[in-house]
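Given next are the chains, with one letter for each unit.
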Amino acid sequence: MIRFKASFRVTCLSLLSGITLLTAGCSSTEIVEQPAPLPDVTETVEFDELWSVSVGDGHDDELLQLAPLYAGDTIYAASADGVVMSVATENGDVQWERELDDRIFAGPGADTRQLYVVSSNAELIALSREDGSEQWRTELPTEVLAAPQSNGSLVAVQTIDGRLISFNASSGEQLWQYQAQVPALTLRTGAAPLVGGDIVIGSFSNGRVIALSADAGQPVWQYQVGQPQGRTELERLVDIGGQPLVLDSALMVVGYQGKLALIETRSGQEIWSRPASSYYSPAIGGGNIYLASANGDVIALQGSDRRELWIQDQLSWRQVTRPAVSGDYLVVGDYEGYLHVLSAENGQLVGQDKFDGDGIRVPVQVLRDGKLLVYGNSGDMAVLQLEQDN
């Protein structure tokens, strides 16, 4: 039985619609598409800021996704320049703050005792959730961009070269390693693994989701989300950039230039699928599925039959984040730092606000009572609430 326990949750660079590519030998930087202009919006919804705090220098001009970790009464956040912070969800009071001597590339992840971050020097670092003190650290073979995940017994990290590695959560001792074959050209992104009681699920840049036994790292099943097609390496990109969404006994997963699919957690068998392309996992709300397409279009699908309900194309190529569902609304961020509010019913833009001049790369998170946790690239972090504009 598969058991998922609660978990808190050389190269060259070129740009493809704001997503960085990682490849084995090139030297060009190219913007493929021009983003749509900022749309004019007749606002009927506005943002009410409940509290805000600054988390170091945020992403500090690095192409990272250091998403805050929402853990009930506490939010943990990290910045590229080494700041790790514990903040009270209710009022934003800083409970503790630690400045590491390391730059941070991934995290935070957590279990009930520890936080986990990965440094730019490829070291997995365990910190106490109580005060941020370092518990242990261990070297990794190469860079990690996705937050480590733990079930309390093991902590798993996924490297950019396709390795999924398990460590003892108490000591940092390596337990096992799985190596997936990766293409020559991949997106500079990474999906955090899913860590359950007896299974670990990784999503790779070759378009495959693979389930491994938690005790030994042996493959249990695999599912192909994207099949490379085309003559060029760009056409054959099929990376999975978002952690699969857990829905009872099934997983919902989407890939770049692949498909959106629902698969059984036990066996990896497909329940249904349809063509799709996205860097982020879908969102669920009111029986519908919401997806930020790779080209920036936001799409609503009826959950029962995946029929398209509406498409909002005024944000094309603005590098919108995964939709956050708050009541009757969706909220996405974009590369210029704007927050956009869409009606969940018809996709109409009903609100807009400039949050961070450096942009928003981390998806907005929904907290209790529909409140929104937003983390901008500059390090500004805030909890907001949507209000009807009277």
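Values in this document were obtained by computation on a predicted structure and should not be read as measured data. Starting from 1, residues in each chain are numbered consecutively following that chain's sequence as written. pLDDT decides what is reported in this predicted model: residues at 70 or higher carry local features, side-chain atom pairs at 80 or more are listed and counted, and totals for whole chains, interfaces and linings draw on all residues regardless. Each side-chain value is worked out from all heavy atoms of the structure, with water and hydrogens disregarded.

1. Quick word on the packing of aromatic side chains
Centre-to-centre distance and the angle between the planes together describe a pair of aromatic rings.
Stage number 1. Pairing of aromatic side chains requires ring centres within 6.5 Å, counting the rings of Phe and Tyr and the six-membered ring of Trp. Pairs whose planes differ by under 30 degrees are stacked, by over 60 edge-to-face, and all others tilted. Summed over all chains, the structure comprises five aromatic pairs.
Stage number 2. When the ring of Tyr178 is compared with that of Phe204, the centres are 6.1 Å apart and the planes differ by 55 degrees; the resulting orientation is tilted. Within this pair, whereas Tyr178 is found in strand β15 (residues 174-179), its partner Phe204 is found in the loop between β18 (199-203) and β19 (208-213), the two being separated by 26 residues in sequence. Across this residue pair, the class does not change: Tyr178 and Phe204 are buried.
Stage number 3. Relative to Tyr279, the ring of Tyr256 has its centre 5.3 Å away and its plane inclined at 15 degrees; by these criteria the two rings are stacked. Residue Tyr256 is located in the loop between β22 (250-254) and β23 (258-264), and its partner Tyr279 is located in the loop between β24 (270-276) and β25 (283-285); the two are separated by 23 residues in the primary sequence. Helix and strand labels come from DSSP, where a helix needs a run of H or I of at least four residues and a strand needs a run of E of at least two; each type is numbered from the N terminus. Only protein chains enter the accessibility calculation, which uses a 1.4 Å probe; a residue is then buried when its area is under 20% of its type maximum, exposed when over 50%, and partly exposed in between.

2. Topic: the UniProt feature "domain: Pyrrolo-quinoline quinone repeat" (unreviewed entry) in the chain
Stage number 1. UniProt positions are given in the numbering used here, feature names are shortened, and annotations may be inferred rather than shown by experiment. UniProt's entry tags residues 81-312 with the feature "domain: Pyrrolo-quinoline quinone repeat" (unreviewed entry), counted in the numbering of this structure.
Stage number 2. The span residues 81-312 carries 0% helix and 50% strand; its end-to-end C-alpha distance comes to 36 Å.

3. A closer look at the nonpolar core
Stage number 1. If you look at the biggest cluster of nonpolar residues, it comprises 32 residues, and the most contacted ones within it are Val84, Leu115 and Met381.
Stage number 2. Should any heavy atoms of two residues lie within 4.5 Å, those residues are counted as being in contact. The contacts of Leu115, once residues within four sequence positions are left out, are Leu69, Tyr76, Val84, Trp96, Gly109, Ala110, Ile125, Ala126, Leu127 and Arg129.
Stage number 3. For the purposes of this section, nonpolar cores are sets of buried Ala, Val, Leu, Ile, Met, Phe, Trp, Tyr and Cys residues that join through side-chain atoms within 4.5 Å. Within the second largest apolar cluster, 16 residues are counted, among which are Val350, Phe355, Val364 and Leu386.

4. Here's the deal with a negative patch on the surface
Stage number 1. Taken together, the side chains of Glu43, Glu46, Asp48, Glu49, Asp57, Asp61, Asp353, Asp358, Asp380 and Asp389 make up a negatively charged region of the molecular surface.
Stage number 2. Considering each element in turn, the negative patch owes the most residues, three residues, to strand β3 (residues 45-54).
Stage number 3. Among the residues examined, Asp48 registers a relative accessible area of 33% and is labelled partly exposed. To count toward a patch, a residue needs a relative accessible area above 30% and no salt bridge. Like charges then connect within 9 Å, nonpolar side chains (Val, Leu, Ile, Met, Phe, Trp, Tyr) within 5 Å. Here, Shrake-Rupley sampling with a 1.4 Å probe gives the accessible areas, and only protein chains in the shown set may cover a residue. Think of a salt bridge as a Lys or Arg side-chain nitrogen and an Asp or Glu carboxyl oxygen that are within 4 Å of each other. The convention is simple: Lys and Arg are positive, Asp and Glu are negative, and His and the chain ends are not counted. A charged residue contributes its charge at one atom only: NZ of Lys, CZ of Arg, CG of Asp or CD of Glu.

5. A look at the pairing of strand β10 (residues 123-128)
Consecutive side chains along a regular strand alternate between the two faces of the sheet.
Stage number 1. Burial runs high along β10: six of the six residues are buried.
Stage number 2. Here β10 shows two buried faces, one formed by Glu123, Ile125 and Leu127 and the other by Leu124, Ala126 and Ser128.
Stage number 3. Sheet topology places strand β9 (residues 114-119) next to β10; five bridges connect them, and they run antiparallel. Opposite Val117, over in β10, you have Ile125 as the bridge partner.
Stage number 4. The antiparallel pairing of β9 with β10 creates a hairpin that spans three residues between the two strands, and Ala122 there sits at a positive phi of about 60 degrees.
Stage number 5. Any two strands with at least two DSSP bridges between them are considered paired. Sheet topology note: the β10/strand β11 (residues 134-139) ladder contains five bridges and is antiparallel. Across the sheet, residue Leu124 finds its bridge partner in β11, namely Thr138.
Stage number 6. If you look at the hairpin formed by β10 and β11, you'll find five residues sitting between the two strands, and Gly132 has a positive phi there, around 80 degrees.

6. Comments concerning unusual backbone geometry
A negative phi holds for most residues other than glycine; trans holds for most peptide bonds.
Stage number 1. With an omega of -5 degrees, the peptide bond running from Gly107 to Pro108 counts as cis.
Stage number 2. Note that Pro108 resides in strand β8 (residues 104-110).
Stage number 3. Here the phi dihedral of Asp61 falls at roughly 65 degrees; this positive angle occurs in a residue that is not glycine.
Stage number 4. Take Asp61: it is sitting in the loop between β3 and β4 (69-71).

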